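Here is what each chain is made of, one letter per residue.
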Amino acid sequence: MPILSLLVLVSLFSACKDHDMDDMKHDTPLMKIMMDMMTQMDAQAKTQDPDHDFAAQMVLHHDAAIKMSEEELRAGSNQEMKTIAQDVITKQRAEITQFNSFLSSHQPTQPLVPQFNQIQKTNMDRMMAASNARTMTMRTDVDYAQMMIDHHQAAIDNSEALLQHGRNATMRQLAQAIIADQRQEIGVLQNWLTRNR
C-alpha cells in the first residue's frame, strides 16, 4: 500500500510539474504574441475569397512576426539573431503595406472558396502545435529562432494554399515571394540553432 501511495504522489508531482512548465511556456512574451495573433486571426471576418482572406490574415501574421522580432531586439543578446530579426521587420513591414494596398482596392469576388479558410486554419493550428511541442529554453535568441521557424512555415503553407486557390496575379506573386524568402530564412535559422543550442 505505501508503494502505491508513493507511485500516486510521484505521478501527481510529475503532472503538476508538466502543467507548470506549460504555464511558464505560455507566459513567455514570444508565445503570448503567437497566441494573441491566433485569437485575432480566428476572430477576423472571412469573405471566402482566397485572395482577400489571404491578404487580411497575412497582415496579422506578419504583424506578429514583427512583434516577435522586436522582442528579440529588446531581449536577445546574439548579434546574428538580432540582424535576422531586423531583416524580418523590414521585409514584413513592406509586405504589410502591399497587403493593405491590395485590401483597400479589392472587393471579394466570386466564386467563393470556403475550403480555403479551413486550410488556413489547419495550417495555423499546425503552427501552434509545433511551437507548443518545443522546449522553451528561456533564452530569447534560441526561443525566437525556434518559434520563427514554425511561424515562417505557416506563412509558406498559407502561401502555397493561395497559389492553389487564389486568382489575383498580385497576390500570387506576393505568395511566391514569401515562399522563396521564408524558406531561405528557415534554413538560416536552422543553421543558427545547430551552432548555438
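Draft legend 1. Layout of the overall build of the protein chain. Regarding its fold elements, the protein chain presents seven helices and zero strands. Counted from the first residue to the last, the protein chain has its helices and strands arranged as α-α-α-α-α-α-α. In the protein chain, buried positions account for 45% of the 197 residues. Considering only residue pairs separated by 6 or more positions, the protein chain has 78% of its internal contacts joining residues 24 or more positions apart.

Draft legend 2. Focus on the side chain of Asp143. Assignment of secondary structure puts Asp143 in helix H6 (residues 140-165). Owing to a relative accessible area of 5%, Asp143 belongs among the buried residues under this scheme. Polar contacts involving the side chain of Asp143 include one to the side chain of Gln146, which spans 3.4 Å.

Draft legend 3. The nonpolar core, seen in detail. Ranked by size, the top nonpolar core spans 32 residues in total, and within it Met34, Met37, Met68, Met127 and Tyr144 carry the most contacts. Sorting the residues of this core by element identifies helix H2 (29-43), helix H3 (50-75), helix H4 (79-105), helix H5 (114-133), H6 and helix H7 (169-196) as the ones contributing at least two each. Discounting chain neighbours no more than four positions away, the residues touching Tyr144 are Leu30, Met68, Ser69, Glu72, Met81, Ala85 and Val88. By size, the runner-up hydrophobic cluster in this structure holds 18 residues, among which are Phe102, Ala155, Ala161 and Ala175.

Draft legend 4. Geometry of the packing of H6 against H7. Relative to each other, H6 and H7 sit at 155 degrees, their axes nearing to 8 Å. Our classification of the angle between H6 and H7 gives roughly antiparallel. Every pair of crossing elements has a handedness; the one defined by H6 and H7 is left-handed. Of the residues assigned to the contact of H6 with H7, the class counts are 16 nonpolar, eight polar and five charged.

Draft legend 5. Summary view of the packing of aromatic side chains. Applying the stated criterion across every chain, the model contains one aromatic pair. Taking 5.7 Å as the distance between ring centres and 80 degrees as the angle between the ring planes, the aromatic pair formed by Phe54 and Phe99 counts as edge-to-face. Taken together, the residues Phe54 in helix H3 and Phe99 in helix H4 connect sequence positions 45 residues apart. Phe99 carries the same exposure label as Phe54, and that label is buried.

Calculation criteria
- Throughout this description, residue numbers start from 1 for each chain and increase along the sequence as written.
- Reporting of local features is limited, given that this is a predicted model, to residues whose pLDDT is at least 70; pairs of side-chain atoms are given and counted only at 80 or more, and all residues count toward the totals for whole chains, interfaces and linings.
- With hydrogens and water stripped out, all remaining heavy atoms of the structure feed into the side-chain values.
- Strands here are runs of E lasting at least two residues and helices are runs of H or I lasting at least four, both read from the DSSP assignment and numbered beginning at the N terminus.
- Note on exposure labels: buried denotes an accessible area under 20% of the residue type's maximum, exposed denotes more than 50%, and partly exposed covers the range between, all computed with a 1.4 Å probe on protein chains only.
- By definition in these notes, contact holds between two residues if any of their heavy atoms fall within 4.5 Å.
- Residues adjacent in sequence count toward polar contacts only when both atoms are side-chain atoms; beyond that, a polar contact is any pair of N or O atoms within 3.5 Å, and within protein one must be able to donate a hydrogen and the other to accept it.
- Nonpolar cores are built from buried Ala, Val, Leu, Ile, Met, Phe, Trp, Tyr and Cys residues. Side-chain atoms within 4.5 Å join them into one set.
- In this analysis an axis means a line fitted to C-alpha atoms, helices contributing only their contacting stretch, and an angle means the value between N-to-C directions, from 0 to 180 degrees.
- For this classification, under 35 degrees means roughly parallel, over 145 means roughly antiparallel, 65 to 115 means roughly perpendicular, and everything else is oblique.
- Two helices that cross are described as forming a left-handed crossing if the nearer one is turned anticlockwise from the farther one by less than a right angle, and a right-handed crossing if clockwise.
- Three residue categories are used. Nonpolar comprises Ala, Val, Leu, Ile, Met, Phe, Trp, Tyr, Cys and Pro, charged comprises Asp, Glu, Lys and Arg, and polar comprises the others, including Gly.
- Pairing of aromatic rings covers Phe, Tyr and Trp, the last through its six-membered ring, and needs centres within 6.5 Å; plane angles under 30 degrees mean stacked, over 60 mean edge-to-face, and all others mean tilted.

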